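So you can see what is in the structure, the chains are spelled out below.
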Amino acid sequence: MTETILGQSYGYGFVVGLGAAFAIIMCGITYVLAKFLNQIQNSERFTTASRNVGSGLISSAVVSSWVWPATILTSSLWGYTYGISGGYLYGVSGTFQIMGFALIAIEIKRIAPSCHTIGEIIKVRYDTPTHFVYMFYVCATNLMVASCLLLGASQGFNAATGMNVIAANFLIPLSVAVYTMFGGIKATFLSDWIHTVIIYLIVLVMCFKVLTSSEIIGSPGKLYDMILESEAKFPSTTGTSFLSFKNKEMFMTTWSVCLGGFSSVFGDPSYGQKAIAAKPNSVLAGYVLGGLCWLTVPWALGTIGGLVARALLVSDKFYTYPNELTSHEANAGLPLIYAMGTIMGTPGAAAAMLDLFLSVTSALSAELIAFSSISTFDIYRGYIKTTATGKDLIRVSHVMTMVFSLVVACVSVIFNYVGVTVGWLIGFYGILLSPAASTLVLTLYWRKTSSFGITYGSPLSTICGIVCWIATAKATGGKVTKDTLMTSEPSIVGNFVSLGSSFIFIPALSLLKPELVLFDFKYFATAFTAADDADEEEKEFMNTSPQEQRELKRASKIALILNAILLFGGYLIVPLAFYGTDYKFSKKYFTQWVIIMTICLIMASIYIIVVPLYQGMDSMKVIFKGIFFGNGKAEVLDASAQPDVSSDGEIVNEAIQMDDDKEKLG
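The rules we used
Residues numbered from 1 in each chain as written. Predicted model: local features only at pLDDT ≥ 70, side-chain atom pairs only at ≥ 80, totals over all residues. Heavy atoms only, no water. UniProt positions renumbered as here; feature names shortened; annotations may be inferred. Helix = DSSP H or I, 4+ residues; strand = E, 2+ residues; numbered from the N terminus. Rg over C-alpha atoms; globule rule 2.2 N^0.38 Å. Buried < 20%, exposed > 50% of the residue type's maximum accessible area, 1.4 Å probe, protein only. Polar contact = N/O pair within 3.5 Å; in protein donor to acceptor, adjacent residues only side chain to side chain. Contact = heavy atoms within 4.5 Å. Salt bridge = Lys/Arg side-chain N within 4 Å of Asp/Glu carboxyl O. Core = buried A, V, L, I, M, F, W, Y, C linked by side-chain atoms within 4.5 Å. Phe/Tyr/Trp six-rings, centres within 6.5 Å; stacked < 30°, edge-to-face > 60°. Lys NZ or Arg CZ within 6 Å of the ring centre and 35° of its normal. Expected span 1.5 Å × (residues − 1). Bend = angle between axes of the 7 residues up to and from the residue. Axes fitted to C-alpha atoms, helices over the stretch in contact; angles between N-to-C directions. Parallel < 35°, antiparallel > 145°, perpendicular 65-115°, else oblique. Left-handed = near helix turned anticlockwise from the far one by under 90°. Nonpolar A, V, L, I, M, F, W, Y, C, P; charged D, E, K, R; others polar. Disulfide = S-S within 2.5 Å.

Under an unreviewed UniProt entry, the name given to the protein chain is Urea active transporter, and the source organism is Wickerhamomyces anomalus. As its UniProt record puts it under Sequence similarities (unreviewed entry), the protein chain is described as follows: "Belongs to the sodium:solute symporter (SSF) (TC 2.A.21) family." Here the protein chain is described in UniProt, under the heading Subcellular location (unreviewed entry), as follows: "Membrane".

So this is what it looks like as structure tokens:
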């Protein structure tokens, strides 16, 4: 096809017009929060949102951070390519990453509640070379993830609207950088909620249109019949049914993406920032419910986007009829856009593009604030000016937000012209950067991890992963090219080796050359300090009470159980049972599957929309009174009315000691 489904005006309208509107709205919200809730931007609030964010906003931020352009486009591609299993397996693999990170988030709040970045934890525990090695991994992950966001969005906008790739790469981050720079991480949380609400509403409309009132489909039964008809005309290249899980390629692909995704989650500082910003009692609910809510998005898009596109291949109203999508069209994410354009006309295609735009801007905002935070606290205050004031930190944060947005745009342009796809990039940086995940896990959970083990074990694991990746591509593809490197076998081998070997090399080297004194986790409680502009409320939330310590320990056990249930139940037993029995969905079972998916989507939408509003009701009342009656002003926290949290963290240490004593006795 030479013509795009939408004109360039749609592309520039979303990127420039809607981007500017969001920037203005978010800057306005930041002003209102400062005027009526005393939330003046300082170094603590900009980076950590005063560590007081509720579970509702954490959940919406989790959904927003994981709803990448890859989520929108790749889940649809998997549904189109692999059938009924595509959207589900994409969703459950990402949910497993979220659940896994919940354990990390809980541990950060438990032992290091006053840190500003995950990099600070590494700096406090190890020597300078180790911190530099870890900084390379997290900064590279930050850059790769942000570039992946822009890469997917720019390629999608170019394929659907004809918008210039370079223009998309530079214009998309512009509005995001503006409101992130002025609003900090709190603006990111609020932006995440707004974006996520709109995304859910669009996906709901798409689902109900396809499954109930569409003249072309209109019911799950009709969709099932069209899939069978399309399968007879365009059979799967693997010889398996699109209505079954019997596809070896699909399983290898999902495991490769899942393993590679651990580097983009555990090593991405933006996910750590959300954990740091959360209330202690909000971490478990925020991440677990956020993960379950996120699962419904790719599951639904894989079905109503990819699988519907597959069914519509037999409709003369489909854009590529009587042919299949070309590999270029499929990899550019057009199954969803073509499907919605066919079902709902131009508004449907535009709605799909709006989903794509919202997914990149919300996630990119988190990446910008994460890079500015590690640049400010880990590098600037850590090595350049250790006596930096709050104003100094804010100034550096603003500058680095803009600098990083420019760098990401340039790198994404390079990837576009090299011909790299989002799928290729995800597989590559998983192999390259997975040791960052093991570094964080071993730092938080194992006292014997040493600087020597991290400094040399992490690069060694990366080298092993790359060597095995290239060797497998040579063995399976006969030669090493960009295409053979990203087939399923080399990708999964490289990811397994890179991640798995790091859990061997780092402990082995740590035992070979241990630290002279074993690290005491209690030290984290008093190791981090606020800048001179922090208020009493922010200082209070830098500590956890004995009750919160006990709740976090209990939450960690619950999260571990939920991870086991998800891994063995949702990710292994259910899919492999379908695979092993070679079960092909009947029309009745397919209908049940789609109905269950839709119910889950509705419940997730209600939670994401309603809970943050409910939890923020008191603040909204103050703002409402201030705007309409001129008497709504939040009271400044009275430090004298708060628990006596001493500067040396005695309460935290006492709580930890109490728990240790109980464990020794019991």
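So, next bit.
(A) Looking closely at the overall build of the protein chain. The secondary structure content of the protein chain amounts to 26 helices and zero strands. On C-alpha atoms alone, the protein chain measures out to a radius of gyration of 25 Å, which is about the 26 Å that the 2.2 N^0.38 rule sets for 666 residues. Taken along the three principal axes of its C-alpha coordinates, the protein chain extends 70 × 70 × 50 Å. Burial analysis of the protein chain (666 residues in total) assigns 61% to the buried set.

(B) How the structure looks around unusual backbone geometry. With an omega of 5°, the peptide bond running from Tyr 321 to Pro 322 counts as cis. In this structure, Ala 49 is a non-glycine residue whose phi angle is positive, near 55°. Within the secondary structure, Ala 49 is located in the loop between helix 2 (43-48) and helix 3 (55-66). Phi angles above zero are rare outside glycine, and Ser 50 is one such case at about 65°.

(C) Representation of the side chain of Ser 241 in the model. Relative to the helices and strands, Ser 241 is located in the loop between helix 9 (220-233) and helix 10 (248-266). For Ser 241, a relative accessible area of 14% puts it in the buried group. From its side chain, Ser 241 meets the backbone nitrogen of Leu 243 in a polar contact 3.0 Å long. For Ser 241, the residues in contact, after removing those within four places along its chain, are Glu 231 and Lys 584.

(D) Examining the pattern of salt bridges more closely. A complete count under the given rule lists nine salt bridges for this structure. In this structure, the salt-bridge partner of Glu 120 is Arg 381, at a minimum N-O distance of 3.8 Å. On the criterion of sequence distance, the pair formed by Glu 120 in helix 6 (residues 118-125) and Arg 381 in helix 15 (residues 346-384) is long-range, its members being 261 residues apart. In this structure, Arg 310 and Glu 324 form a salt bridge, with 3.0 Å as the shortest nitrogen-oxygen distance.

(E) Expanded view of the nonpolar core. Trp 68, Ile 217, Phe 245, Tyr 287, Leu 312, Tyr 429 and Phe 590 are the most contacted members of the largest nonpolar core, which totals 204 residues. Counting residues per element, this core draws most heavily on helix 8 (residues 165-213), which supplies 19 residues. Of all hydrophobic cores here, the second largest spans six residues; its members include Phe 377, Tyr 380, Leu 393 and Ala 531.

(F) Quick look at the environment of Gly 341. Here Gly 341 is to be found in helix 14 (residues 334-344). Classification of Gly 341 as buried rests on a relative accessible area of 5%. On a C-alpha basis, the gap between Gly 341 and Ala 351 in space is 9.0 Å, while along the polypeptide they are ten residues apart. For Gly 341, the residues in contact, after removing those within four places along its chain, are Ile 5, Tyr 319, Gly 348 and Ala 349.

(G) Focus on the packing of aromatic side chains. Per the counting criterion, the structure on display carries 44 aromatic pairs. Ring geometry for Tyr 88 against Trp 299: centres 5.8 Å apart, planes inclined by 75°, an arrangement best described as edge-to-face. Placement of the pair is Tyr 88 in helix 5 (residues 84-111) and Trp 299 in helix 12 (residues 283-311), with a sequence separation of 211 residues. Put simply, the rings of Trp 66, Phe 96, Phe 101, Trp 255, Phe 262, Phe 266, Tyr 271, Tyr 287 and Tyr 571 touch in pairs and so form one group of aromatic residues. The positively charged end of Lys 246 is found above the aromatic ring belonging to Tyr 579, 4.3 Å away from the centroid. A cation sits over an aromatic face here: Arg 310 above Tyr 80, 4.1 Å from the ring centre.

(H) The arrangement of helix 19 (residues 451-477) in detail. Taking 1.5 Å as the rise per residue, helix 19 with 27 residues should run 39 Å; its terminal C-alpha atoms sit 39 Å apart, in good agreement. Gly 457 marks where helix 19 bends most, by close to 30°; the proline Pro 459 follows one to four residues later. All of the buried residues along helix 19 are Ser 451, Gly 453, Ile 454, Thr 455, Gly 457, Ser 458, Ser 461, Thr 462, Gly 465, Trp 469, Thr 472 and Ala 473. Check the buried side of helix 19 and you find it contacts helix 7 (128-161), helix 17 (422-433), helix 18 (435-445), helix 20 (482-485) and helix 21 (488-512). Of the residues flanking the end of helix 19, it is Gly 478, one or two places downstream, whose phi is positive at about 85°.

(I) Highlighting helix 1 (residues 8-37). With 30 residues, helix 1 should reach 44 Å at 1.5 Å per residue; the first-to-last C-alpha distance of 42 Å fits that figure. Along its length, helix 1 shows its largest kink, about 30°, at Phe 14. Residues Gly 11, Phe 14, Val 15, Gly 19, Phe 22, Ala 23, Met 26, Thr 30, Leu 33, Phe 36 and Leu 37 constitute the buried set of helix 1. Packing partners of the buried residues in helix 1 comprise helix 7, helix 8, helix 15 and helix 25 (617-628).

(J) Region of interest: the packing of helix 7 against helix 15. Where helix 7 meets helix 15, the axes come as close as 10 Å, and the angle between the chain directions of the two elements is 160°. For the element pair helix 7 / helix 15, the angle class is roughly antiparallel. Handedness of the helix 7/helix 15 crossing: left-handed. Each residue belonging to the contact of helix 7 with helix 15 can be placed in one class, and the counts come to 21 nonpolar, five polar and two charged.

(K) Seen up close, the state of the cysteines. Evaluated as defined, the whole model comprises zero disulfides. No disulfide involves Cys 148; its sulfur sits 16 Å from the nearest other cysteine sulfur, which is in Cys 258. Lacking any disulfide linkage, Cys 468 is separated from the closest cysteine sulfur, that of Cys 464, by 6.4 Å. Here Cys 468 falls in the partly exposed class, since its relative accessible area comes to 28%.

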